[in-house]
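A structural walkthrough
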Amino acid sequence: MLFNSKAVALLLAFVVGLITTAFLSLVSGTPVQALIIGGLISFAATYIFAYITFEFLVFREISKIYEVLNKIRKKNFSFIEDEEERKYLNPLKRINQEIYTYAAGRQREIEELKKVEAFRREFLADVSHELKTPVFAAQGFVHTLLDGAIDDSKVRIKFLKRAAKSLDSLDALIHDLLTLSQIELGETKMHFEHFDIVEMANEVLDQFENKVERKGLYIGFDQEYNHPIFVYADSEKIYRVLTNLVSNANKYTDEGDIILGFTVSSGGHVTVSVKDTGMGIPPEDLGRVFERFFRVEKSRSKGRKGGTGLGLAIVKHIMEAHNSKVSVISTFGKGSTFSFKLPLSKEEDLDSTDDDEFESED
């Protein structure tokens, strides 16, 4: 490449040296030796200054810009590493930094799109599998009946019950998928109100009491709560959260206790916890338990434990819609504790609510 820093520096040095020599020659009485020395000094000084300027401030930065643009054109973002942004005086350095920032943003977008694509493929595979299981089961029972088993009253009733159970599972799965989709798209409106979370938890305990006792488990509170704890949230959605968490604890606890508890903080929040003594979750799986259809191990398959595999994902999205989050602490083989925070109702809000109810009764 002829057009580089050395070539430009030589050209400028030659021109400046020539001009300097010509200027000195106009001075009368200047010896030839002085003209030569002056020209050489001017040439050397100009060459060094021009070379350093163009090499380090212009051509090197242009080369970097060209290299970055060439890699972007080839969709090669492997050169990108997070680095601290600095304010440069050199405009070429600023341009290079802007291109670098753009390339880094594109790289993050590409990585995010790859993750979304991988998630989409995994989700479609999971949905297909979950839908196929109850459909094939019901289809098998119905075809067996059509092939002649319908004439046997005992077999007919047994197979119809099994087909109905498979269709109920399919209906529950579709309902959970629709619920999750509506929450994610923001189509589900939150209706915030003041309610007693202790009373709601009592209703959930009553709902699961018979199921839990049949397994020989104990379900209850960690202590007596003689006073109500009023919170401000969507009561219907929070009831769904508590139901899903207790149901999940019941599925994966074969012996021991399921305990609900409340911790009121000075910051105006209450932490609701659901603790079980079940199989627990391995540390490497803790970050994925709220993903759709994710199961810690094959022994937690739908056939063994039941459910749609969407309960915890629904819990996560409901809490995010409340500007909160659900967290989990677990020891594999010993049990898990799921918890979430809700804002406490303020006394003035409760007083105004009571006044409105009293006026409406009149």
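What counts and how
Residues numbered from 1 in each chain as written. Predicted model: local features only at pLDDT ≥ 70, side-chain atom pairs only at ≥ 80, totals over all residues. Heavy atoms only, no water. UniProt positions renumbered as here; feature names shortened; annotations may be inferred. Buried < 20%, exposed > 50% of the residue type's maximum accessible area, 1.4 Å probe, protein only. Helix = DSSP H or I, 4+ residues; strand = E, 2+ residues; numbered from the N terminus. Pairing = 2+ DSSP bridges. Salt bridge = Lys/Arg side-chain N within 4 Å of Asp/Glu carboxyl O. Core = buried A, V, L, I, M, F, W, Y, C linked by side-chain atoms within 4.5 Å. Domains from an automatic or database assignment. Contact = heavy atoms within 4.5 Å. Polar contact = N/O pair within 3.5 Å; in protein donor to acceptor, adjacent residues only side chain to side chain. Axes fitted to C-alpha atoms, helices over the stretch in contact; angles between N-to-C directions.

As recorded by an unreviewed UniProt entry, the protein carries the name histidine kinase and is attributed to Roseivirga seohaensis. Quoted verbatim from the Catalytic activity (unreviewed entry) field of the UniProt record, the comment on the protein reads "ATP + protein L-histidine = ADP + protein N-phospho-L-histidine."

**Thoughts on the pairing of strand β6 (residues 326–331)**
Because side chains alternate across β6, one face comprises the buried residues Val326, Val328 and Ser330, and the other comprises Ser327, Ile329 and Thr331, none of which is buried. Of the pairings in the sheet, the one linking β6 to strand β7 (residues 335–343) comprises six bridges and is antiparallel in character. If you follow Thr331 over to β7, its bridge partner there is Gly335. Between the antiparallel neighbours β6 and β7 lie three residues, among them Gly333 with a positive phi of about 90°.

**Thoughts on the pattern of salt bridges**
Under the criterion given, the structure shown has one salt bridge. Between Lys237 and Asp234 there is a salt bridge; the shortest N-O distance is 3.7 Å. Each member of the pair, Lys237 as well as Asp234, is classed as buried.

**Examining the UniProt feature "transmembrane region" (unreviewed entry) in the protein**
UniProt feature "transmembrane region" (unreviewed entry): in the numbering of this structure it lies at residues 34–54. Secondary structure content for residues 34–54 is 100% helix and 0% strand, and the end C-alpha separation is 29 Å.

**Observations regarding the nonpolar core**
Within the largest apolar cluster, 49 residues are counted, with the highest numbers of intra-cluster contacts made by Ile197, Phe262, Phe340 and Leu342. If one sorts the elements of this core by residue count, helix α5 (residues 197–214) sits on top with eight residues. Each of domain 2 (130–185) and domain 3 (192–349) contributes no fewer than three residues to this core. With near-sequence residues (within four places) excluded, Leu342 lies in contact with Ile197, Val231, Ala233, Ile238, Gly268, His269, Val270, Met319 and His322. Of all hydrophobic cores here, the second largest spans six residues; its members include Phe141, Leu145, Ala149 and Phe159.

**A short note on the side chain of Ser324**
Assignment of secondary structure puts Ser324 in the loop between α8 (311–321) and β6. A polar contact of 3.0 Å, which involves the side chain of Ser324, links it to the backbone oxygen of Lys341.

**What to know about the sheet that holds strand β2 (residues 218–221)**
If you walk across this open sheet you meet the five strands as β2-β4-β5-β7-β6, and the pairing is mixed. Single-partner strands in this sheet number two, and they are β2 and β6. Within the sheet, the average angular offset between the axes of one strand and its neighbour, ignoring direction, is 15°. Along the sheet, helix α6 (residues 235–251) makes contact with β2, β4 (257–264), β5 (269–276) and β7, crossing β7 at roughly 170°. Running at roughly 25° to β7, α8 makes contact with β6 and β7 of the sheet.

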